[in-house]
Structures are given as structure tokens and as C-alpha cells.
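Results of the structural survey
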Amino acid sequence: MRRAAFSLLLALLPSAARAEHFDIKLTATAPDGASKEAFADQPPPIGGLNPRPVLRAKAGDTIAFQFMMTNVYAHESARNAGIRFYIVREQQLGQKAVPPLENLTAEGSFTFNLKPRAKIGTKERVVMPQPGIYLLRVESQRTQRDHEHFAAIDLEIR
């Protein structure tokens, strides 16, 4: 039984390693110094596997966030790939489905060619004008793979 379980684990490891092509680290910081980090995730299930951290701040506060995306493939470039980041209001903390991308508080995107093991990222600051629950999300686009990656943090603005 143990030998069969170990063999199954070994058989699964190479396919799991091939599935990951981007690593993402997202950090958000409130003016009081509170900070949260999120890392690459992917569906299924809807909303990914990892619970989202929650950063709490006040209306009118400036939230600083930054992300770094790394091409973890050792021998393959990502050509004409993209990354999109946005902050959008959501109904509740931990909401699984991404809300409609209407009336975004902040957004940005860019297209790039990323060599093997190369990194790309940005730092942004956004004023959160109204109380509410928001989703801060960074997601890969057009990576020419069978799935995309994202990292996300919930913002609870009081």
C-alpha cells in the first residue's frame, strides 16, 4: 500500500511541475503599516484554492500595492503575454466569483515578452474613497498555456 502511494506521488510530480508557469507575489499595505501578501493561485475551483488575505483600512486611506510576476519556465519565453490588475467592489469578503468589472476603483494592464526566469512587476498607490469590500486582483493573460494564474487580496474599507 505504501509503495503504491509513493509511486502514485512520483507519477504526479512531473505533471504538477509542468502545470506551473508563472509565480505571482502581490503585496498590499495600508497607511498604518498593516500589510498582506498573496501568491499565485488558479481555478478550479472558482476563486482558486487559497483563501484570500484581508487588508483593513479606512475610507480616504491610500493603499500601496505591488506585484512581481516571474516566468518559472527554465527554457521557454512568454511572448505577447499580459498582466492585468484591478480593484473592484465585491459583495462579501472571500467571495468566490469575480464581480462584474464595472466601475473599477483602479485598473491597469500591459503586454510583455518575458524570458525564462525573468520578472516583471509594478508598484501602485490608490486612494480608497468609499467604505466597502473590494477585491484587489492581479492576473496573467495570453500566456499560451492551458490556464492562467492570479493573486488576490480582499480590502475591507471602513
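Report follows, based on the coordinates.

Here the focus is the pattern of salt bridges. In this structure the tally under the stated criterion is 6 salt bridges. The residue Arg52 makes a salt bridge to Asp154 at a minimum N-O spacing of 2.8 Å. One end of the pair, Arg52, is in the loop between β2 (35-39) and β3 (54-57); the other, Asp154, is in strand β9 (residues 150-157), with 102 residues separating them in the sequence. Assigned by exposure class, Arg52 and Asp154 land together as buried. In this structure, Arg84 and Glu107 form a salt bridge, with 3.5 Å as the shortest nitrogen-oxygen distance. On the criterion of sequence distance, the pair formed by Arg84 in strand β5 (residues 78-89) and Glu107 in strand β6 (residues 106-114) is long-range, its members being 23 residues apart. Using a relative accessible area of 52% as the deciding quantity, one classes Glu107 as exposed. Salt bridges sharing partners connect three or more residues here, namely Arg52, Glu90 and Asp154.

What follows concerns the packing of aromatic side chains. Within the structure shown, the criterion is met by 4 aromatic pairs. Taking the centre distance of 5.9 Å and the plane angle of 65° together, the rings of Phe65 and Phe85 count as edge-to-face. Of this pair, Phe65 sits in strand β4 (residues 62-71) while Phe85 is found in strand β5, placing the two residues 20 residues apart along the sequence. Here Phe65 and Phe85 have matching classes, each one buried. Through a chain of ring-to-ring contacts, the aromatic side chains of Phe65, Phe67, Phe85, Phe110 and Phe112 assemble into a single cluster. Geometry around Phe150 places Arg137 over its ring, the cationic atom sitting 4.0 Å from the centre.

A few words on the nonpolar core. If you look at the biggest cluster of nonpolar residues, it comprises 30 residues, and the most contacted ones within it are Leu26, Ile63, Phe65, Ile87, Met128 and Leu155. It is β5 that contributes the most residues to this core, 5 residues altogether. By size, the runner-up hydrophobic cluster in this structure holds 5 residues, among which are Tyr86, Leu135, Phe150 and Ala152.

So, on to unusual backbone geometry. Cis geometry marks the peptide bond from Pro43 to Pro44, where omega comes out at -10°. Within the secondary structure, Pro44 sits in the loop between β2 and β3. In this structure, the amide linkage connecting Pro44 to the following residue, Pro45, adopts the cis form with an omega of 0°. Its location among the elements puts Pro45 in the loop between β2 and β3. Of note in the backbone geometry, Asn103 takes a positive phi value of approximately 50° without being a glycine. Take Asn103: it is sitting in the loop between β5 and β6. The backbone phi angle of Arg117 is positive, close to 65°, even though this residue is not glycine. With respect to the helices, strands and loops of the structure, Arg117 is situated in the loop between β6 and β7 (119-127). Residue Arg117 is classed as exposed on the basis of its relative accessible area of 60%.

Parameters at a glance
- Residues numbered from 1 in each chain as written.
- Predicted model: local features only at pLDDT ≥ 70, side-chain atom pairs only at ≥ 80, totals over all residues.
- Heavy atoms only, no water.
- Salt bridge = Lys/Arg side-chain N within 4 Å of Asp/Glu carboxyl O.
- Helix = DSSP H or I, 4+ residues; strand = E, 2+ residues; numbered from the N terminus.
- Buried < 20%, exposed > 50% of the residue type's maximum accessible area, 1.4 Å probe, protein only.
- Phe/Tyr/Trp six-rings, centres within 6.5 Å; stacked < 30°, edge-to-face > 60°.
- Lys NZ or Arg CZ within 6 Å of the ring centre and 35° of its normal.
- Core = buried A, V, L, I, M, F, W, Y, C linked by side-chain atoms within 4.5 Å.

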